[in-house]
Amino acid sequence: MAKLAFLGLGVMGYPMAGHLAATGHDVTVFNRTTAKAEKWVGTHKGAFAETPAMAAAGADMVLACVGNDDDLRMVCTGENGAFDAMSDGALFIDHTTVSAAVTKELYAAAKSRGLDFVDAPISGGQAGAENGQLSIMCGGDPAAYAKAEPVIQTYAKLARRIGDSGAGQMTKMCNQIAIAGLVQGLSEALHFAQRAGLDGRAVVEVISQGAAGSWQMVNRYETMLDDHFDHGFAVDWMRKDLGICLDTADENGASLPVTALVDQFYKDVQKLGGGRWDTSSLLKRLQAMG
């Protein structure tokens, strides 16, 4: 079993770190809100540290799941960051969804310190993290990924190295681009069914078994029909991710018209006060329009 540090105990990181502890790893956690780190230790044993550097000292691997580019820089190379405390040859695994640019920046910073770095963004939502059923898309050196894989398999349904540093983040962008269009299409279908006076559940029971079926349909239609959106992946975070997708598309020349449109629809949801609602709340926007 390895000595690990886990930085960031949000809705994803908290259960992921728990899976590591449950399989016998020696886990030290860091979270900006100390009370959450104390709660985690009370549930899973292990230990908590007051800074990323203190958590990372002596660890074989340091894992992170934080908020955005700036948060990741802070825990890696900021004051009391993990990189300066990590031992030569140690591995940093980043599960945050961030830009490929910051990934390549931190990969270079890690290599200059004799460290390995793997970008490993995740998909599967809170339920996937809690049930150990995440899809994990990775970028980095083959040898570094080979070291990371047995550890991240602890909470993965599927983990795969896609390519060199940044490839994991680029793949996560593909994931978010695909989801944006799917959720809008599902929202429009349910809204249409409601306006047509149809039983939404009966409609989904039929169409989910054909070509229209998707993970979003199977896992979100009931909460959408029940007007329940206080769960899941928040609109604020989705807009952060879509912003990364659109910025990257400007750089590589990809055309993302639907993604750009749905991003603006999510902006409308934020104006409705739904920044913390689940991404399936696109239906609320349609209902608000009449």
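See the structure above.
Cut-offs used in this document
Residues numbered from 1 in each chain as written. Predicted model: local features only at pLDDT ≥ 70, side-chain atom pairs only at ≥ 80, totals over all residues. Heavy atoms only, no water. Helix = DSSP H or I, 4+ residues; strand = E, 2+ residues; numbered from the N terminus. Rg over C-alpha atoms; globule rule 2.2 N^0.38 Å. Buried < 20%, exposed > 50% of the residue type's maximum accessible area, 1.4 Å probe, protein only. Salt bridge = Lys/Arg side-chain N within 4 Å of Asp/Glu carboxyl O. Arc of directions from axis to C-beta. Contact = heavy atoms within 4.5 Å. Polar contact = N/O pair within 3.5 Å; in protein donor to acceptor, adjacent residues only side chain to side chain. Phe/Tyr/Trp six-rings, centres within 6.5 Å; stacked < 30°, edge-to-face > 60°. Lys NZ or Arg CZ within 6 Å of the ring centre and 35° of its normal. Axes fitted to C-alpha atoms, helices over the stretch in contact; angles between N-to-C directions. Parallel < 35°, antiparallel > 145°, perpendicular 65-115°, else oblique. Left-handed = near helix turned anticlockwise from the far one by under 90°.

## Things to note about the overall build of the protein
Then comes step 1: Counting its regular elements, the protein contains 13 helices and nine strands.
Then comes step 2: Compactness check: the protein gives a C-alpha radius of gyration of 20 Å against a globular reference of 19 Å for 290 residues, within 12% of the reference.
Then comes step 3: Each principal axis of the C-alpha distribution contributes one length, and for the protein these read about 65 × 45 × 35 Å.
Then comes step 4: For the protein, the residues scored as buried account for 51% of the 290 residues in total.

## So, the pattern of salt bridges
Then comes step 1: Evaluation of the coordinates by the stated rule reveals 15 salt bridges.
Then comes step 2: Here Asp-116 and Lys-111 are joined by a salt bridge, their closest N and O atoms 3.4 Å apart.
Then comes step 3: Given a relative accessible area of 35%, Lys-111 falls into the partly exposed group.
Then comes step 4: Of the charged contacts in the structure, one is a salt bridge between Arg-161 and Asp-164, with a shortest N-O distance of 3.0 Å.
Then comes step 5: Under the relative-accessibility criterion, Asp-164 is labelled exposed at 56%.

## Description of helix H4 (residues 69-77)
Helical periodicity: at 3.6 residues per turn, an α-helix aligns residues three or four positions apart in one direction.
Then comes step 1: Those residues of H4 lying buried are Asp-69, Asp-71, Leu-72, Val-75 and Cys-76. For H4, the angular spread of buried residues about the axis comes to 160°, placing them on one side.
Then comes step 2: Where H4 is buried, its residues touch strand S1 (3-7), strand S2 (26-30), helix H3 (52-56), strand S4 (61-64), strand S5 (91-94) and helix H5 (100-112).
Then comes step 3: Two or three places before Asp-70, at the start of H4, stands the capping residue Asn-68, its side-chain oxygen 3.1 Å from that residue's backbone nitrogen.

## Thoughts on the packing of aromatic side chains
Working definition: an aromatic ring pair is given by the centre-to-centre distance plus the angle between the planes.
Then comes step 1: The final tally for this structure, using the stated rule, is four aromatic pairs.
Then comes step 2: Ring geometry for Phe-83 and Phe-92: centres 5.4 Å apart, planes at 80°, overall edge-to-face.
Then comes step 3: The exposure class of Phe-92 is buried, given its relative accessible area of 0%.
Then comes step 4: With centroids separated by 6.4 Å and ring planes inclined at 35°, the aromatic side chains of Phe-229 and Trp-277 adopt a geometry described as tilted. Here Trp-277 lies in the loop between helix H12 (257-271) and helix H13 (282-288) and Phe-229 lies in the loop between helix H10 (215-225) and helix H11 (235-252), a separation of 48 residues in the sequence.
Then comes step 5: Among the residues examined, Trp-277 registers a relative accessible area of 23% and is labelled partly exposed.
Then comes step 6: By way of ring pairs, the aromatic residues Phe-83, Phe-92 and Phe-117 are connected into one cluster.
Then comes step 7: Sitting above the plane of the Phe-265 ring, Arg-285 keeps its charged end 3.7 Å from the centroid.

## Some points on the packing of helix H8 (residues 167-195) against H10
Then comes step 1: Across the interface, H8 lies against H10 with an axial gap of 11 Å and an inter-helix angle of 45°. One finds that H8 runs oblique with respect to H10. In this structure, H8 meets H10 at a crossing whose hand is right-handed. Facing Ile-179, Leu-182, Val-183, Leu-186, Ser-187, Leu-190 and Gln-194 of H8, the residues of H10 in contact are Gln-216, Met-217, Tyr-221, Met-224 and Leu-225.

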